[in-house]
Amino acid sequence: MKKKLCVVFLTAMMALSLSGCGSSSKYSEMAAADMAMPEEAPAPEFEVTEEAAIEESPAENGMTDAGAGEANAQVTQTTEKIIYTYNYSVETKQFDTFMQAVLNRISEYGGYLQNSETNGNAEMNISRYANLVIRIPAERMHDFLNMVEENSNVTYSRSSTENVTLNYVDMQSHIKALKTEQETLMGILERATKLEDIITIQNQLTNIRYELESYESQLRVFDNRINYSTLYLDINEVERETNVATEMSYGEEIAQGLSDTFYDLGQGLRSFSIWFVVNLPYILLWIVIIVVLVFIARAVFRRMYGEEKREKKKHGRKNKSGVSGTEEPKNDQEHDA
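Now for a description of the structure that goes with this document. Keep in mind that what you see is a predicted model, and the values were worked out from it rather than measured.

Further remarks concern the side chain of Ser229. Position of Ser229 relative to the elements: it lies in strand β5 (residues 228–237). Ser229 gets classed as buried once you look at its relative accessible area, which sits at 1%. Look past the residues within four positions of Ser229 in its chain and what remains in contact with it is Tyr84, Tyr86, Ile134, Arg135, Ile136, Ala138 and Met141.

Here it is in structure tokens:
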């Protein structure tokens with residue numbers, strides 16, 4: 001009887017163990033093998049890596065108040081990541097000199113010219129202008145702007161800031177979690193023996209590498225925009241700089257208005273004289289053509305008027321002769337009477 005009970009007990013234990021093995025996943029078997037390893041070289045379990053999910057905002061990730069406070073504390077400890085952007089429009093009477101000063105200072109401060117566009121022609125008396133996109137190390141940007149203001153007439157300026165600290169820390173957390181998961185999968189891959197397991201793990205590693213590259217690329221872009229401030233600089237060549245004073249007295253406003261009027265008048269006369277001299281050959285040609293046409297018109301008119309006059313004279317003579325022929329008999333009769 002005791003032997004039968006032992007056989008039944010052993011059979012039940014084997015059935016339970018087989019059902020437990022059948023319901024567990026492949027990664028759970030590997031995790032169980034890792035748990036059986038010596039304590040000197042413990043391997044992290046795959047489920048632990050799954051729990052180390054990418055950090056998100058407390059509302060989206062279901063974080064508790066304590067977890068949210070910890071994340072905010074991490075952001076507070078991190079140096080603020082701020083992107084500075086500036087827009088300037090300036091005028092200068094010495095275009096070449098100012099452009100060279102800008103390029104020299106960019107090189108001196110360790111910046112670079114991201115984009116450049118220049119139009120106009122000094123030889124043809126066409127005012128030049130340039131649009132530059134300049135990247136300067138953030139700690140030297142104020143010195144660079146002071147140089148621009150001292151060597152040109154600033155007609156427009158604007159600055160903006162963008163605090164990307166939260167996004168920056170979030171990306172760092174994503175990268176850290178992905179690297180941890182990558183190390184875990186590499187360790188599991190080294191102990192995997194089944195082809196199906198190896199293929200599955202390699203697919204997971206490929207996806208993780210793709211995400212890592214994407215986050216690291218975004219982080220490099222952030223680093224570049226944070227470390228190098230951006231200046232959009234528009235340079236206009238002028239002969240007379242614009243008065244940008246915000247406060248002027250009554251007399252100063254009148255003087256400025258008269259000055260602008262006389263300047264505009266002088267510029268208009270100057271432009272007209274340039275146009276007249278440049279187009280003088282065409283003007284002379286048109287004058288010759290008009291004179292010739294006038295002479296031709298006068299000759300035609302005189303000819304037509306002369307013929308008409310001669311016709312009138314002929315008609316006048318005929319009328320005279322007709323009248324004298326009819327009147328002569330009448331005069332004779334009267335004479336006879």
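The terminal C-alpha atoms of helix α6 (residues 95–108), which comprises 14 residues, lie 20 Å apart, in line with the 20 Å expected from a rise of 1.5 Å per residue. All of the buried residues along α6 are Phe95, Phe98, Met99, Val102 and Ile106. Taken down its axis, α6 places every buried residue within 100 degrees of arc, on the same side. Opposite the buried face of α6, at more than 90 degrees from it, the exposed residues are Ser107 and Glu108. Immediately beyond the C-terminal end of α6, within one or two residues, lies Gly110, with a positive phi of roughly 80 degrees.

We now examine a nonpolar patch on the surface. On the surface, Tyr282, Leu285, Trp286, Val288, Ile289, Ile290, Val292, Leu293, Val294, Ile296, Val300 and Met304 cluster together into a nonpolar patch covering about 1200 Å² of accessible area. With respect to the helices, strands and loops of the structure, Tyr282 is situated in helix α11 (residues 280–336).

In the contact formed by α6 and helix α7 (residues 141–151), the axes pass within 11 Å of each other and the chain directions differ by 170 degrees. By the angle between their directions, the pair α6 and α7 is classed as roughly antiparallel. Every residue of α7 that contacts α6 at Phe98, Ala101, Val102, Arg105 and Ile106 is listed here: Phe144, Met147, Val148 and Asn151. Considering only residue class, the contact of α6 with α7 consists of seven nonpolar, one polar and one charged.

On to the packing of aromatic side chains. This model, assessed by the stated rule, comprises three aromatic pairs. Of the aromatic side chains, those joined through ring pairs into one cluster are Phe272, Trp275 and Phe276.

Let us now look at the environment of Lys179. Structurally, the position occupied by Lys179 is in helix α8 (residues 165–191). Given the relative accessible area of 40%, Lys179 is considered partly exposed. The spacing of Lys179 and Leu212 is 33 residues in sequence and 7.8 Å in space, taken between C-alpha atoms. In this structure, Lys179 is in contact with Leu212 and Glu216, ignoring residues within four places of it in sequence.

What counts and what doesn't
- Residues numbered from 1 in each chain as written.
- Predicted model: local features only at pLDDT ≥ 70, side-chain atom pairs only at ≥ 80, totals over all residues.
- Heavy atoms only, no water.
- Helix = DSSP H or I, 4+ residues; strand = E, 2+ residues; numbered from the N terminus.
- Buried < 20%, exposed > 50% of the residue type's maximum accessible area, 1.4 Å probe, protein only.
- Contact = heavy atoms within 4.5 Å.
- Expected span 1.5 Å × (residues − 1).
- Arc of directions from axis to C-beta.
- Patch = residues over 30% accessible without salt bridge, like charges linked within 9 Å, V, L, I, M, F, W, Y side chains within 5 Å.
- Areas by Shrake-Rupley, 256 points an atom, 1.4 Å probe, with all protein chains shown as cover.
- Salt bridge = Lys/Arg side-chain N within 4 Å of Asp/Glu carboxyl O.
- Axes fitted to C-alpha atoms, helices over the stretch in contact; angles between N-to-C directions.
- Parallel < 35°, antiparallel > 145°, perpendicular 65-115°, else oblique.
- Nonpolar A, V, L, I, M, F, W, Y, C, P; charged D, E, K, R; others polar.
- Phe/Tyr/Trp six-rings, centres within 6.5 Å; stacked < 30°, edge-to-face > 60°.

Honestly, that's just the spatial picture; any functional story needs more than this.
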